[in-house]
Number of protein chains: 2
Amino acid sequence: MNKEEMIVKVLKALGHPIRFKIVKFLLIEPQCVCKLNENIEFSQSNLSQHIKILKDAGIIKGEKQGLNIEYSIANDNVKHIINMTEKFVEYYLNNIK
Amino acid sequence: MNKEEMIVKVLKALGHPIRFKIVKFLLIEPQCVCKLNENIEFSQSNLSQHIKILKDAGIIKGEKQGLNIEYSIANDNVKHIINMTEKFVEYYLNNIK
DNA sequence: TAATTATATAAGAATATTATTATATAATTA
DNA sequence: TAATTATATAATAATATTCTTATATAATTA
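Just so we're clear, the structure is a prediction, and the values are computed from it rather than from any experiment.

Enquirer: Sorry if this is basic, but what is going on with the side chain of His50(A) here?
Expert: Residues and elements named next belong to chain A. Structurally, His50 is set in helix 4 (residues 44-56). Polar side-chain contacts of His50 include one of 3.1 Å to the side chain of Arg19. In this structure, His50 is in contact with His16, Ile18, Arg19 and Ile22, ignoring residues within four places of it in sequence.

Pasting the structure below:
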């Protein structure tokens, strides 16, 4: 997979409501799936599959801690991507009349 | 559609190889679909549909100029989103061994 | 005004993604 | 070691996206 394909993969991974929510929660603090499960209204299995997609895109990483796996954001650039997109949307909202 | 949904929509729109290519070309210079059609190996109809998705997400805008419609990037934040994602991927590539 | 050109749209087929259900695995605790 | 807990995976159904083909529209030119 070349660089452009990876970029597209990352954007695509972020472009889904559940996955975006997961990332937002992990930006606040690292947490285990069980905790995410309380916060996000979806089945454990479904959540797990979305986590896999985020992990494959390099967006999050997991560290086994006993029974749990603590997930966290892989690096700070993730936050910047989201901040920029937020900014874009804000600009957009301010410029439609 | 709330702000979070719009953010997801933007990321999703960018997370497709053809649409990403369109945006990359338009970042270089505004151009009409016919020009894009030369650059991107897809049917006119398919291209047109992807353009619609980008337009709906507020990423590009089109201005009719005679027979052509000249498309361009709606605002500079688009460039920043992509730059950040590029940076993210570069970081990722430098940190796998 | 007929023909041409650039682009959009509608309909449907092909394909991909997502969600669900059931089951598996791996670590922990009783 | 059996039971429990947290998470992953496989299979498949449900749904959404993408692409193709055909047709429509709108501006331009002959």
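Once you've had a look at it, read on.
Enquirer: Please explain the interface of chain A and chain B as it appears in this structure.
Expert: Often the size quoted for an interface is simply the accessible area lost on bringing the parts together. Each side of the interface is counted separately: chain A has 33 residues, and chain B has 33 residues. Considering only the side of chain A, the residues that lose the most area to chain B are Ile7(A), Leu11(A) and Phe88(A), jointly responsible for 20% of the buried surface there. The partner of Glu90(A) in a salt bridge is Lys3(B), with the nearest N and O atoms 2.6 Å apart. At the boundary of chain A and chain B, one finds 2 residue pairs in polar contact (both at pLDDT 80 or more).

Each value, and the rule that gives it
Residues numbered from 1 in each chain as written. Chains lettered and ligands numbered in written order. Predicted model: local features only at pLDDT ≥ 70, side-chain atom pairs only at ≥ 80, totals over all residues. Heavy atoms only, no water. Helix = DSSP H or I, 4+ residues; strand = E, 2+ residues; numbered from the N terminus. Polar contact = N/O pair within 3.5 Å; in protein donor to acceptor, adjacent residues only side chain to side chain. Contact = heavy atoms within 4.5 Å. Buried area = accessible area lost by both parts, 1.4 Å probe. Salt bridge = Lys/Arg side-chain N within 4 Å of Asp/Glu carboxyl O.

Bear in mind that shape data such as this cannot, by itself, settle questions of function.
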